[in-house]
Each structure stands twice: as structure tokens, then as C-alpha cells.
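Notes for the structure review
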Amino acid sequence: MVLLLVVGACGAESLPPWLLRYYRGVPHGVTYAFRDDAVWTTAGRMAVVTTGSSSCPGLPVRLDVPASNLLTVTVSALSSGPCTADLAATTSLIEVPKALDVSHGVTVKIIDGSYGATVSLPPRSSAGN
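The notes below deal with the structure included here. All values reported here derive from a predicted model rather than from experimental measurement.

Thresholds, definitions, all that
- Here the residue numbers are simple positions, counted from 1 along each chain's written sequence.
- In keeping with the predicted nature of the model, local features appear solely for residues at pLDDT of at least 70, side-chain atom pairs appear and are counted solely at 80 or more, and the whole-chain, interface and lining totals rest on all residues.
- The side-chain figures draw on all heavy atoms in the structure; neither hydrogens nor water molecules are used.
- In this analysis, strands are considered paired if DSSP registers two or more bridges between them.
- Numbering of helices and strands runs from the N terminus; a helix is a DSSP stretch of H or I covering at least four residues, while a strand is a stretch of E covering at least two.
- Axis lines are fitted to C-alpha atoms, over the contacting stretch for helices. Their N-to-C directions set the angle, which ranges from 0 to 180 degrees.
- The rule for a salt bridge is simple: a side-chain nitrogen of Lys or Arg has to be within 4 Å of a carboxyl oxygen of Asp or Glu.
- Classification of residues uses two cut-offs on accessible area relative to the type maximum, computed with a 1.4 Å probe and protein chains only: under 20% is buried, over 50% is exposed, and between them is partly exposed.

A word on the sheet that holds strand β3 (residues 45-52). With antiparallel pairing, four strands are arranged side by side in an open sheet as β1-β6-β3-β2. Two strands in the sheet have a free side with no partner beyond their single neighbour: β1 (19-24) and β2 (37-40). For this sheet, the mean inter-axis angle between neighbouring strands, taken without regard to orientation, is 20°. Examined bridge by bridge, β2 and β3 share four bridges and lie antiparallel to one another. The residue of β3 that forms the bridge with A38 is V48.

Structural data, given as C-alpha cells:
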């Protein structure tokens with residue numbers, strides 16, 4: 001019973017409102033390359049893929065738009081452990097900030113502790129196609 005309460009308490013962390021959901025694995029059609037990544041999904045949404053411990057996944061905790069074509073995603077584990085020493089992909093579905101101009105190419109910088117990844121995404125139409 002205690003284990004269930006602890007696990008339940010860890011899962012009850014307050015998530016930012018723009019973080020819609022997260023799950024283990026990568027989005028359908030994405031080839032996992034064992035690195036952080038970002039891809040467009042439906043209109044107004046983006047999937048951010050992080051690599052790390054499956055029991056303490058890194059999730060987006062901060063979004064910044066320093067320029068209309070640049071999104072900085074800061075990632076952090078919501079749990080301080082104990083964490084498994086494995087490498088697993090976790091996908092976070094986020095709402096794209098309104099300040100980001102998706103009609104032009106977008107650069108996404110993912111800051112995951114001391115590690116960083118930069119991803120270039122093609123323009124998106126307002127319909128999400």
C-alpha cells in the first residue's frame with residue numbers, strides 16, 4: 001500500500017498547462033536515434049522526445065521563444081529518484097506557444113541538464129499540414 005501511495009504522489013506532480021501529456025516511446029512514424037528530438041504533430045502541437053531514465057523521464061518544464069523562429073525547451077526530471085540507469089525515449093506532447101511563427105522554419109533547442117540538442121523543423125501551415 002505504501003508503494004502505491006509513493007508512486008501516486010510522484011505521478012501527481014504539477015505539470016505546466018501547455019504540457020498536454022507524455023508517454024514512453026516515440027511518436028508513430030518517428031525513427032528513434034537515441035537523442036533528444038522534436039517533430040510537428042497536429043496543428044498547434046509538437047512532440048518533444050527526450051532520452052533518459054525510464055523511471056525518471058525528462059519532461060519539458062519551461063518554454064521560451066527568444067525569437068519568432070526559435071523555441072527553447074528546458075527539460076527536467078520530475079522525480080529525483082531512485083532512477084533506473086537505462087536509456088528510454090519519452091515523448092511529451094506540447095502546445096506550441098502563440099509567439100512562435102510556424103509558417104517559417106523553426107529551430108527547437110532542447111536543454112536537458114548539461115546536454116543540449118538543436119532540431120530544425122520545416123514550416124507548418126496554420127491547418128497543421
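Moving on to the pattern of salt bridges. Side-chain pairs of opposite charge can arise whenever the charged atoms involved come near each other. Applying the stated criterion across every chain yields a total of two salt bridges. Across the pair D37 and R35 runs a salt bridge, and its minimum N-O distance is 3.9 Å. By relative accessible area, D37 is classed as buried at 15%. For R62, the salt bridge is made with D64, and the minimal N-O distance between the two is 2.9 Å. Overall, R62 belongs to the partly exposed group, its relative accessible area being 49%.

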